[in-house]
Amino acid sequence: MTDNRITLRVWGDYACFTRPEMKVERVSYPVMTPSAARGVLEAVFWEPEIYYLIDAIHVIRRGNWFSFRRNEVISVISLVSAKTWMTSPEEVSPIQAGGGAPDGTQRNMLALQEVEYLITAEVRPSGLGSRHGIKTYVEEIRRRARNGKCYHRPYLGVREFACDFEWEEDAEAAFERRQQELGSEWRRYDENIGLMLYDVFAPELRAHGFRWLQEDNAAVDSPIRLEPAKKRKSKALTPRSTGVLVRPEALFFFADVRDGKLDCHPSRAQFAVKPAMEA
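Residues numbered from 1 in each chain as written. Predicted model: local features only at pLDDT ≥ 70, side-chain atom pairs only at ≥ 80, totals over all residues. Heavy atoms only, no water.

Under the annotation held in an unreviewed UniProt entry, the chain carries the name Type I-C CRISPR-associated protein Cas5 and is attributed to Methylococcus geothermalis.

See the structure below:
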């Protein structure tokens, strides 16, 4: 176990790690994706000065497939409408999401039931710099996980499927312990899943760190075009950041579960489009 490696055991009643190619009628991957694992860790603790690099996901309980139909909304409230509602609610038309309402629709979901995983990740410093060493952050994560603290409730794929979590000192030891505890319920799991979503940002982009930019301090070398009015405003002010604005872009890798372990460290994973990984 290295100084910057952590392990969290997570479990929940339901999970849906949606395949992006089936986003209308949701269909889950058979196991947790690295991006979903990162989301669980960031719910427990995250600061811009660090980022998580998912090392492996152990599948303790794969779960059972089940499907159901639920009511969803097809409209989105705009930011302008939300601001208007705070001052003049009578001028805003609410979303009609009830049964048979024009903004509601029924969708099927193929999800997983009764799942449990071990998430192992490296905690690395981002390019934004910090006055604390990485051990300080690891200790903070350990303390929060042991006390059950989180910034928001972690979930397994979608927010409706909340999960519980627990700190583990060693992934392999915890994996063997859970096998013994489950006894006859334990099922060995091996599957070549094929292409799986890794994340919406490549690891080397996360290594630079993310910072929230206001309209008046957008970067000069931004590849994203600003709206004309905002562009004129940004020219009138001196940019306070030299970062680069990036857009999220799906990154896929070849997922292969062997002996219940999905190895997804970027240095060992085979990507569909290999990223320029930094040491």
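I'd like to hear about the pattern of salt bridges, residue by residue, with values.
Under the definition given, this model contains 29 salt bridges. Close ionic contact of Arg 177 with Glu 181 constitutes a salt bridge, the shortest N to O distance being 3.4 Å. Of the two residues, Arg 177 and Glu 181 both sit in helix H4 (residues 171-182), four residues apart, roughly one turn of that helix. Residue Glu 181 is classed as partly exposed on the basis of its relative accessible area, which comes to 49%. Across the pair Arg 188 and Asp 259 runs a salt bridge, and its minimum N-O distance is 2.1 Å. One end of the pair, Arg 188, is in the loop between H4 and strand E7 (191-199); the other, Asp 259, is in the loop between strand E8 (251-258) and strand E9 (261-263), and 71 residues separate them in sequence. Beyond isolated ion pairs, a larger network of salt bridges with shared partners links Arg 9, Arg 61, Glu 114, Glu 116, Glu 166, Glu 168, Arg 177, Arg 178 and Glu 181. (Salt bridge = Lys/Arg side-chain N within 4 Å of Asp/Glu carboxyl O. Helix = DSSP H or I, 4+ residues; strand = E, 2+ residues; numbered from the N terminus. Buried < 20%, exposed > 50% of the residue type's maximum accessible area, 1.4 Å probe, protein only.)

Break down the packing of aromatic side chains for me, with residues and values.
Inspection of every chain in the model, using the stated rule, returns nine aromatic pairs. Centre to centre, the rings of Tyr 14 and Phe 66 are 5.3 Å apart; their planes meet at 45 degrees, and the pair counts as tilted. You can see Tyr 14 sitting in strand E1 (residues 5-15) and its partner Phe 66 sitting in strand E4 (residues 64-73), a full 52 residues away along the chain. Between the aromatic rings of Phe 17 and Tyr 117, the centroid separation amounts to 6.0 Å while the plane-to-plane angle is 70 degrees, which identifies the pairing as edge-to-face. Of this pair, Phe 17 sits in the loop between E1 and strand E2 (26-27) while Tyr 117 sits in strand E5 (residues 104-125), and the two are 100 residues apart along the sequence. By relative accessible area, Phe 17 is classed as buried at 3%. Linked through ring pairs, Tyr 14, Phe 66, Phe 68 and Phe 161 together constitute an aromatic cluster. Here the guanidinium or amino end of Arg 144 rests over the ring plane of Tyr 151, the centre of that ring lying 4.2 Å away. (Phe/Tyr/Trp six-rings, centres within 6.5 Å; stacked < 30°, edge-to-face > 60°. Lys NZ or Arg CZ within 6 Å of the ring centre and 35° of its normal.)

I'd like a description of the nonpolar core, backed by residues and values.
Grouped together as the largest cluster of nonpolar side chains are 47 residues, with contacts concentrated most on Ile 6, Val 10, Phe 17, Met 32, Tyr 52, Tyr 117 and Phe 253. Looking at this core, the elements with two or more residues in it are E1, helix H1 (34-44), strand E3 (50-61), E5, helix H3 (134-146), strand E6 (164-168), E7 and E8. Sorting elements by how many residues they give to this core places E5 first, with six residues. (Core = buried A, V, L, I, M, F, W, Y, C linked by side-chain atoms within 4.5 Å.)

Go over the pairing of E3, please, and point to the residues and values.
The buried fraction of E3 is high, at 11 of 12 residues. Two strands pair when backbone bridges link them, and E3 and E5 are joined in this way by 10 bridges, in the antiparallel orientation. Directly across from Ala 56, in E5, lies its bridge partner Thr 120. When E3 meets E9, the two strands line up antiparallel, connected through three bridges. Counted as the bridge partner of Ile 57 is Leu 262 from E9. (Pairing = 2+ DSSP bridges.)

I'd like a description of the environment of Phe 68, backed by residues and values.
Considering the arrangement of structural elements, one finds Phe 68 in strand E4. For the pair formed by Phe 68 and Arg 107, sequence separation is 39 residues and the distance between their alpha carbons is 8.5 Å. Residues contacting Phe 68, with those up to four places away along its chain left out, are Arg 107, Asn 108, Met 109 and Phe 161. (Contact = heavy atoms within 4.5 Å.)

I'd love a proper account of H3, names of residues and values included.
With 13 residues, H3 ought to run about 18 Å at 1.5 Å a step, and its terminal C-alpha atoms sit 18 Å apart, in line with that. Among the residues of H3, those classed as buried are Tyr 137, Val 138, Ile 141, Arg 142, Arg 144 and Ala 145. Summarising the contacts, the buried residues of H3 are in contact with E1, H1, E3, E5 and E6. At the C-terminal side of H3, Gly 148 shows a positive phi close to 70 degrees. (Expected span 1.5 Å × (residues − 1).)

An account of unusual backbone geometry is requested, with residue identities and associated values reported.
Positive phi, normally seen in glycine, also occurs at Glu 114, with a value near 60 degrees. Note on placement: Glu 114 falls in strand E5. Glu 114 gets classed as partly exposed once you look at its relative accessible area, which sits at 36%. With a phi close to 55 degrees, Asp 259 is a non-glycine residue in the positive phi region. On the basis of relative accessible area, Asp 259 is assigned to the partly exposed category, the value being 43%.

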